[in-house]
Each structure stands twice: as structure tokens, then as C-alpha cells.
Amino acid sequence: MQISKMAVEGGGKEMNEIKTQFTTREGVYKLLTHSEYSRPNRVPFNSQGSNPVKVSFVNVNDQSGNGERICFNVGRELYFYIYKGVRKAADLSKPIDKRIYKGTQPTCHDFNPLTATADSVSLLVGFSAGQVQLIDPIKKETSKLFNEERLIDKTRVTCVRWVPGSESQFLVAHASGSMYLYNVDHGCGTTAPHYQLLRQGEGFAVHTCKSKQARNPLQRWTVGRGTLNEFAFSPDGKHLACVSQDGFLRVFGFDGAELYGSMKSYFGGLLCVCWSPDGHYVVAGGEDDLVTVWSFAACRVVARGHGHKSWVSVVAFDQCTTNIGADGDAPAEFSGSDDDFQDQQHFGGGGGGGCRGRERANSAQSHLSKRNSTDGRGLNGSYRFGSVGQDTQLCLWDLTEDILYPLPLSRTRTHTNVMNATTTNNPPSSTAGTNGSGSGSTSSGSGDKTGTPSNAQTNCLSSSPLPRSNSLPHSTAPPGGSTPNSHPKASSIIDSALIATGVHKFATLALHESRKERQHDKEHRRNHSVGYIGSKSNDKLNQLSSGLRSAATGTVTTATAAGRTLGTELCPRMEEVPLLEPLVCKKVAHERLTVLIFLDDCLVTACQEGFVCTWARPGKGLLSSQNPGNSPSGTVV
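About the thresholds
- Residues numbered from 1 in each chain as written.
- Predicted model: local features only at pLDDT ≥ 70, side-chain atom pairs only at ≥ 80, totals over all residues.
- Heavy atoms only, no water.
- Helix = DSSP H or I, 4+ residues; strand = E, 2+ residues; numbered from the N terminus.
- Buried < 20%, exposed > 50% of the residue type's maximum accessible area, 1.4 Å probe, protein only.
- Contact = heavy atoms within 4.5 Å.
- Areas by Shrake-Rupley, 256 points an atom, 1.4 Å probe, with all protein chains shown as cover.
- Pairing = 2+ DSSP bridges.
- Axes fitted to C-alpha atoms, helices over the stretch in contact; angles between N-to-C directions.
- pLDDT = per-residue confidence, 0-100.
- Disulfide = S-S within 2.5 Å.
- Phe/Tyr/Trp six-rings, centres within 6.5 Å; stacked < 30°, edge-to-face > 60°.
- Lys NZ or Arg CZ within 6 Å of the ring centre and 35° of its normal.
- Core = buried A, V, L, I, M, F, W, Y, C linked by side-chain atoms within 4.5 Å.
- Salt bridge = Lys/Arg side-chain N within 4 Å of Asp/Glu carboxyl O.

Novice: Account for the overall build of the protein chain, naming residues and giving values.
Specialist: In terms of regular secondary structure, the protein chain is built from 13 helices and 32 strands. The 637 residues of the protein chain split such that 56% are buried. Taking as baseline every contact in the protein chain between residues at least 6 positions apart, the subset at least 24 positions apart corresponds to 62%. Only carbon and sulfur atoms are counted for the fraction: they give 48% of the accessible area of the protein chain, which is about 27,300 Å².

Novice: Lay out the environment of Tyr-266 with the relevant residues and their values.
Specialist: Looking at the secondary structure, you find Tyr-266 in the loop between β20 (258–264) and β21 (270–275). Residue class for Tyr-266 comes out buried when judged on its relative accessible area of 11%. For the pair Tyr-266 and Gly-286, spaced 20 residues apart in the sequence, the C-alpha separation amounts to 9.5 Å.

Novice: Now, about the sheet that holds strand β14 (residues 195–201): what can you tell me, with residues and values included?
Specialist: Spatially, 6 strands are ordered β11-β12-β13-β16-β15-β14 in an open sheet, and the strand pairing comes out antiparallel. Whereas interior strands pair on both sides, the edge strands pair on one side only; in this sheet they are β11 (157–162) and β14. If you compare each strand with its neighbour and ignore which way they point, the axes differ by 20° on average.

Novice: Now, about the confidence of the model for the protein chain: what can you tell me, with residues and values included?
Specialist: Chain-level statistics for the protein chain give a pLDDT mean of 74 and a share of 61% at 70 or above. In this model residues 1–12 is a low-confidence stretch, pLDDT under 50, and it forms 6 contacts with partners more than four residues away in sequence or in other chains. For the stretch residues 462–558, pLDDT sits under 50, and the model shows 155 contacts to residues farther than four places along the chain or on other chains.

Novice: Residue-level account of the side chain of Gln-105, with values.
Specialist: Tracing the backbone shows Gln-105 in the loop between β6 (97–100) and β7 (106–111). Contact partners of Gln-105, with chain neighbours within four places excluded, come to Gly-49, Ser-50, Asn-51, Gly-75, Arg-76, Gly-126, Phe-127 and Ser-128.

Novice: So, unusual backbone geometry: which residues are in play, and what are the values?
Specialist: In this structure, the amide linkage connecting Asn-216 to the following residue, Pro-217, adopts the cis form with an omega of 0°. Mapped onto the fold, Pro-217 is located in the loop between β15 (204–209) and β16 (219–223). Even without a glycine there, the phi angle at Cys-299 is positive, about 55°. Following the sequence through the fold, Cys-299 ends up in the loop between β23 (290–295) and β24 (300–306). On the basis of relative accessibility, which here comes to 2%, the residue Cys-299 falls in the buried class. In this structure, Thr-392 takes a positive phi of about 65° despite not being glycine. Counting through the fold element by element, Thr-392 comes out in the loop between β26 (383–389) and β27 (393–399).

Novice: Summarise the state of the cysteines; cite the residues concerned and give the values.
Specialist: Counted by the stated rule, this structure contains 0 disulfides. There is no disulfide at Cys-242, and the cysteine sulfur nearest it, in Cys-159, is 8.9 Å away.

Novice: A description of the packing of aromatic side chains should follow, citing residues and the corresponding values.
Specialist: According to the stated counting rule, one finds 25 aromatic pairs in the structure shown. Aromatic side chains Phe-72 and Tyr-81 sit 6.0 Å apart centroid to centroid with 5° between the ring planes, which places their arrangement in the stacked category. Each of the two residues, Phe-72 as well as Tyr-81, counts as buried. Geometrically, the ring pair formed by Phe-317 and Tyr-383 is edge-to-face, given 6.2 Å between the ring centres and 75° between the ring planes. A residue pair is termed long-range when its members are at least 10 positions apart, and Phe-317 in strand β25 (residues 312–317) and Tyr-383 in strand β26 qualify at 66 residues. Residue Tyr-383 is classed as buried on the basis of its relative accessible area, which comes to 4%. What links up through ring pairs into an aromatic cluster is the set Tyr-37, Phe-57, Phe-72, Tyr-79, Tyr-81 and Tyr-83. The cationic tip of Arg-220 hangs over the ring face of Tyr-195; the distance from NZ or CZ to the ring centre is 4.2 Å.

Novice: Any details on the sheet that holds β26? Residues and values, ideally.
Specialist: Hydrogen bonds between backbone groups are what pair the strands of a sheet, and the pairing can be parallel or antiparallel. If you walk across this open sheet you meet the 4 strands as β25-β26-β27-β29, and the pairing is antiparallel. Since the sheet does not close on itself, it has two edges, and those belong to β25 and β29 (584–587), each with one partner. Across this sheet, the average inter-strand angle for adjacent strands is 15°, counted without regard to direction. By the bridge criterion, 4 bridges tie β27 to β29 in an arrangement that is antiparallel.

Novice: Account for the pairing of strand β22 (residues 281–286), naming residues and giving values.
Specialist: For β22, a buried count of 6 out of 6 residues is recorded, marking the element as mostly surrounded by other parts of the structure. One ladder, built from 5 bridges, connects β21 with β22; its direction is antiparallel. In the strand pairing of β22, Trp-275 is matched with Val-282. Both β22 and β23 contribute to a ladder of 5 bridges, which runs antiparallel. Following the sheet pairing, Ala-284 is matched in β23 by Thr-292. The antiparallel hairpin formed by β22 and β23 contains 3 residues in its connecting segment, where Asp-289 sits at a positive phi of about 70°.

Novice: Tell me about the nonpolar core, and name the residues and values.
Specialist: Formed by 22 residues in total, the largest nonpolar core has its most connected members in Tyr-37, Val-55, Ile-70, Phe-72, Tyr-83 and Val-612. Only β3 (55–59), β4 (68–74), β5 (77–82), β31 (602–607) and β32 (612–616) provide two or more residues apiece to this core. If near-sequence neighbours (up to four positions away) are discounted, Phe-72 is found in contact with Tyr-37, Ser-38, Arg-39, Lys-54, Val-55, Glu-77, Leu-78, Tyr-79, Tyr-81, His-109 and Val-612.

Novice: Which residues make up the pattern of salt bridges, and what values go with them?
Specialist: Counted according to the given criterion, the structure contains 11 salt bridges. By sharing partners, the salt bridges in this structure join Arg-25, Glu-26, Arg-384 and Asp-398 into a single network.

Novice: Describe the pairing of strand β9 (residues 132–136), listing the residues and the values that go with them.
Specialist: Along β9, 5 of the 5 residues are buried, which leaves the element largely enclosed by surrounding structure. Here β9 shows two buried faces, one formed by Val-132, Leu-134 and Asp-136 and the other by Gln-133 and Ile-135. Where strand β8 (residues 123–127) and β9 come together, 4 bridges link them in antiparallel fashion. Note that in β9 the partner of Leu-123 across the bridge is Ile-135. As consecutive antiparallel partners, β8 and β9 are separated by 4 residues, and within that stretch Gly-130 has a phi angle of approximately 105°, a positive value. As paired elements, β9 and strand β10 (residues 141–146) share 5 bridges and run antiparallel to each other. Considered in β10, the bridge of Leu-134 is made with Lys-144. Here β9 folds back onto β10 in antiparallel fashion, the turn holding 4 residues, of which Lys-140 has a positive phi close to 60°.

Shown next, in the form of C-alpha cells:
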């Protein structure tokens with residue numbers, strides 16, 4: 001008994017240990033302890049009631065070789081340093097600039113890379129009271145203060161970004177759910193702005209400022225319901241992806257202010273978003289503990305990833321380990337059974353026109369033939385992205401050809417853990433929460449989407465139910481379920497409510513059902529929000545149940561409307577898309593993680609305690625090799 005008890009305790013200690021290095025197929029990533037940036041006293045920050053720590057980088061093209069600059073906020077403080085990365089130890093005693101604010105806190109910031117020089121940089125800083133400040137930390141100057149009197153918006157700034165390719169325009173998101181377009185050369189006026197409608201659509205409206213003289217804001221975007229948590233520009237700067245507390249990802253054509261496509265979270269709000277380096281995929285994370293991959297060309301969810309045990313704070317692509325391929329063309333996605341494949345070839349898919357359907361099927365078939373060529377090597381077409389969350393874990397994910405170019409199911413099986421649900425040991429189930437993983441290996445619904453925005457705009461916004469492929473098990477009728485005499489609306493919502501019963505089970509599912517991981521989950525629930533998420537999903541289920549009567553009478557509430565998105569292209573069921581497992585999933589901090597940035601020779605994380613950590617890529621840890629005593633201890637995990 002003593003041996004067993006010691007083993008359990010040892011396992012629990014190992015699970016709670018902060019990792020200082022981890023290994024991937026490229027090699028070992030190592031934490032460089034002397035490249036850690038924080039407040040000069042290195043004392044952990046009391047993070048209760050404070051805004052998340054954020055980090056921004058800019059390269060000023062310094063001829064000395066130290067061109068990288070780093071800015072981060074901790075509580076009421078803002079720091080600006082020379083970032084030495086893996087080359088030299090950080091010198092915290094000499095910040096280039098340090099600012100302490102009273103009555104408000106920095107919430108986010110962004111450098112303008114176009115105007116950055118060794119003598120001057122333009123840094124935008126958003127604040128908890130709604131203002132936006134333009135500063136030059138090298139010259140230690142404050143240029144302008146926008147929304148100073150809070151006449152434009154009184155809520156917290158959640159995200160601020162320079163418009164790509166512009167030296168003067170920037171975009172600001174607020175907790176009110178609005179975004180504002182500013183120009184640094186214009187003032188904000190002494191009265192509240194008046195607006196006139198420019199464009200509106202489902203879930204959004206864009207207004208311009210009505211004024212005889214040029215003034216800020218140039219535009220006001222109202223997006224979704226609740227807080228607009230983050231937005232990101234596409235690599236070419238033409239599109240804008242926004243995630244909101246209402247759980248929607250919305251992608252807009254920025255210049256035309258037109259909605260291109262959307263996606264709904266499995267439940268809860270979406271908190272973070274990013275684009276792949278080629279602009280073909282958007283990844284979002286949030287309160288459903290998942291990372292969701294959305295295809296820009298097909299306007300649909302192509303995969304979900306589960307590895308976090310709490311809310312996902314940040315998602316980011318790694319441009320250095322992402323291998324897109326030489327052609328650079330958008331991937332031709334195809335999923336479904338052999339019959340679906342033949343239908344696409346001969347009949348062109350759905351109602352989008354036979355020509356587009358044949359082109360898409362031929363493109364997919366061409367890719368499959370290349371992939372099965374005699375040389376035995378796969379095509380170069382994989383993406384690496386990472387995520388960090390409130391569970392203090394760093395996850396790395398590989399989006400591979402098995403997901404991007406799934407073969408027809410009767411010919412091969414994709415290498416995702418969703419296939420395990422089809423074994424004889426695990427009978428098929430219609431909900432992800434009952435068995436811990438969805439069944440099926442590909443995302444169903446081989447529609448007629450194309451990669452051109454003009455053709456895809458009308459198709460992206462449809463929310464028709466996804467057809468299931470022949471290999472996916474159909475839902476069994478629940479005991480006491482709907483009968484032919486049942487009300488169709490109530491039957492539909494009952495089905496959504498039954499699906500929702502498994503949500504909280506799935507959200508807290510461990511990757512491996514072992515004894516020590518269950519002990520780790522108990523420790524985690526004490527410090528993080530998994531229990532809250534589970535109760536929140538139960539609340540949503542109660543809301544769905546309470547909406548049955550309103551559905552029978554023909555009225556639609558917000559809860560019932562949200563429930564009806566499940567099983568559509570907006571929000572496929574868990575078994576209808578591939579489920580990714582993380583390549584790496586390691587605990588790397590004591591407090592919730594708020595930053596993940598990939599650089600050429602390292603990746604950078606930061607936690608709410610105010611510590612900014614540098615992880616050297618394999619073969620790039622010059623600092624640890626020059627200072628053996630400073631290299632991190634511990635074994636490779």
C-alpha cells in the first residue's frame with residue numbers, strides 16, 4: 001500500500017511540475033532562464049483584478065545586431081526593453097522606457113513596423129478606461145491621446161492593431177462590441193460623434209462619422225453581441241477576422257465592409273483568433289476549451305483540437321515549422337465517402353454549379369494521386385500552430401495532410417483520434433461527451449465552396465445542416481424521444497439539448513484516462529475555471545430546456561437560436577469533423593498563460609505573474625551553451 005501511495009503522489013507531483021524543456025520531431029525546445037523578462041525586481045505580480053499581460057515585438061533594423069524591441073504590460077506598468085533573445089541574458093536594470101499609470105491600466109499594445117527606426121517607434125497602447133495612447137518609448141514622448149474624454153466609447157479596450165500597410169490608420173476594439181477606425185492625423189472632437197449607416201448585415205453594422213470636418217473615428221463597426229475579444233488581419237491585409245463573446249467568428253472583407261463567412265463555437269465565447277501564414281485557414285479558441293480550424297476557401301470548420309482543460313487564451317501559427325508547399329495554392333479540401341467522391345466528379349456536388357464541383361473534385365483527385373505517388377513521400381503541406389490557456393499549458397498542434405486532404409473513407413483512414421470511436425469496444429454514440437471523442441474521421445458535407453471570395457460569399461453564410469458521410473453512425477432515438485406526432489420545433493431543440501448534456505464532460509476530458517491524471521484534474525479544478533465551465537454548460541442546457549415551450553409557440557429566444565446552430569455548417573457536431581490531438585501539451589507556468597509568439601529562433605510565452613519566457617528552438621540555444629550553469633535542469637519531456 002505504501003508503494004502504491006508513493007507512486008500516486010510521485011505521479012501527481014510530476015503532473016504539477018513546471019516543464020523547462022520539451023521535445024518535438026524537430027528536436028528539443030529549452031527554456032532560457034536568463035532570457036526571462038519581467039519587472040526589474042523579478043517579484044511575481046499579484047494578478048488578481050488586473051488585465052492580462054500582453055507582449056509586442058518590433059524590429060528597428062539596428063546595425064548593431066540587437067534590432068528586436070519588446071514591450072509588455074504588468075498591472076499599471078508598461079516596460080520597453082531591448083530584446084536579446086537567445087543571444088544574451090536579459091538586463092532588467094536598464095529598460096529603455098518605463099511608465100506607471102494611475103486610474104487606468106494598459107490592456108493591449110501594438111507597434112507600427114512601417115515607421116520603426118533605431119531612433120523612433122510608434123506604439124499604440126489601449127487602456128481599461130477606453131482611451132488609446134500613441135507613444136514613442138525611444139524618444140520617451142507621448143504623441144497623442146485618443147478618446148481622451150471617453151466620448152467615443154467608455155468600455156475597456158480589448159485589442160488594438162495598426163492597419164496593415166498604413167502609417168496612420170489603426171483599429172481599436174472595445175468590450176462594448178464595437179470597433180473604431182482611427183487616423184493619427186485627425187482629432188477626436190469635443191462632442192460625441194454622430195454616425196450614418198454605411199453597411200449592415202447579419203450580426204454586424206458599419207457606420208461612418210457624420211461631420212463636416214475630418215475627425216475620429218472614421219468608422220464604427222458593431223459586431224455581434226457582447227464583448228469583441230480580439231481581431232486579426234489576414235496576411236494580405238484584405239480581410240479581418242473577429243471573435244466575440246457571443247461565440248461567433250466573423251470574417252469580413254475589410255475595405256468593402258462585407259461579411260465573408262462565419263463560424264460558431266461549440267459553446268461559450270471565443271477569445272482569440274489568428275490566420276495561417278498563407279491566409280488559407282483561421283484558428284480560433286475560447287471558452288469551449290477547444291481550438292477550431294476554419295477554412296477560408298470552403299468557409300467551414302475543417303477540424304477541432306482538444307488538449308486544454310480550461311479556456312484557450314491565445315492561438316498563433318508558427319511560420320518557421322509550417323510547410324505550405326511550393327505551389328502556394330489554396331488546398332482543395334474533400335471529405336466524405338466514395339459515393340460522395342463520385343457524386344462530386346460526375347454531378348458537381350450541390351447547387352453551386354457542376355463546373356465548380358468538377359473542378360474541386362478534380363483538384364482533390366489530383367492531389368490524392370500526387371500524395372500516393374511511387375516515391376512514397378507525402379506532399380509538403382502541413383501547418384504548425386500553438387495555443388496557451390488558463391490551464392497554464394502550452395499545446396502545439398500539427399494540421400497535416402490527413403486533415404487537409406482526407407481520402408475517401410473506404411480507401412484509407414485518417415490518423416486522428418476520432419477513428420478510435422468506431423472500434424467494437426466503443427459503441428457509436430451521437431454525442432462527443434459520452435465516449436470522450438467523436439466518431440468518424442472527416443468533416444462531412446462536401447459542399448460546392450470555392451476559393452474565390454466572389455463565389456464563396458453567398459455560400460459561406462448559409463447554415464444548412466451538414467450531410468453525414470456513410471461511415472458516420474446516425475444518432476439513436478433517445479428514450480422518450482420525439483414521435484411522429486411531436487412538434488417539429490420542439491423535437492429539434494430537444495435534440496440540441498441532448499447534445500449539450502455531454503458538453504461539460506467533453507470539456508474536462510483528459511487525454512489519457514490514468515489515475516495520476518485524474519488526480520491532476522482535481523488539483524486543476526481548484527485553481528482554474530473547468531468546474532465553472534461545466535456548470536455553465538449545464539446552465540445552457542437548462543436554458544435550452546426552458547426554451548422548448550417558446551419553440552412550440554413559435555417564439556425564438558437567444559438560447560434556442562444558439563442551440564439550432566449545432567449540426568450546421570456554422571457549428572458541426574463533434575463527430576462531423578476530425579478531432580486533433582496536441583503534438584505537445586505541457587504545463588509551463590504557475591499562473592494562466594496570456595501570450596504565445598513565434599519568432600525565428602525561439603518562441604515566447606508569458607503568464608499573468610508578469611514573467612515573459614524565451615524558449616530556444618532546437619539548435620538555437622546559444623545562451624545555454626555559452627553559460628552551462630544557466631541551462632535549465634530537468635529531463636527532456
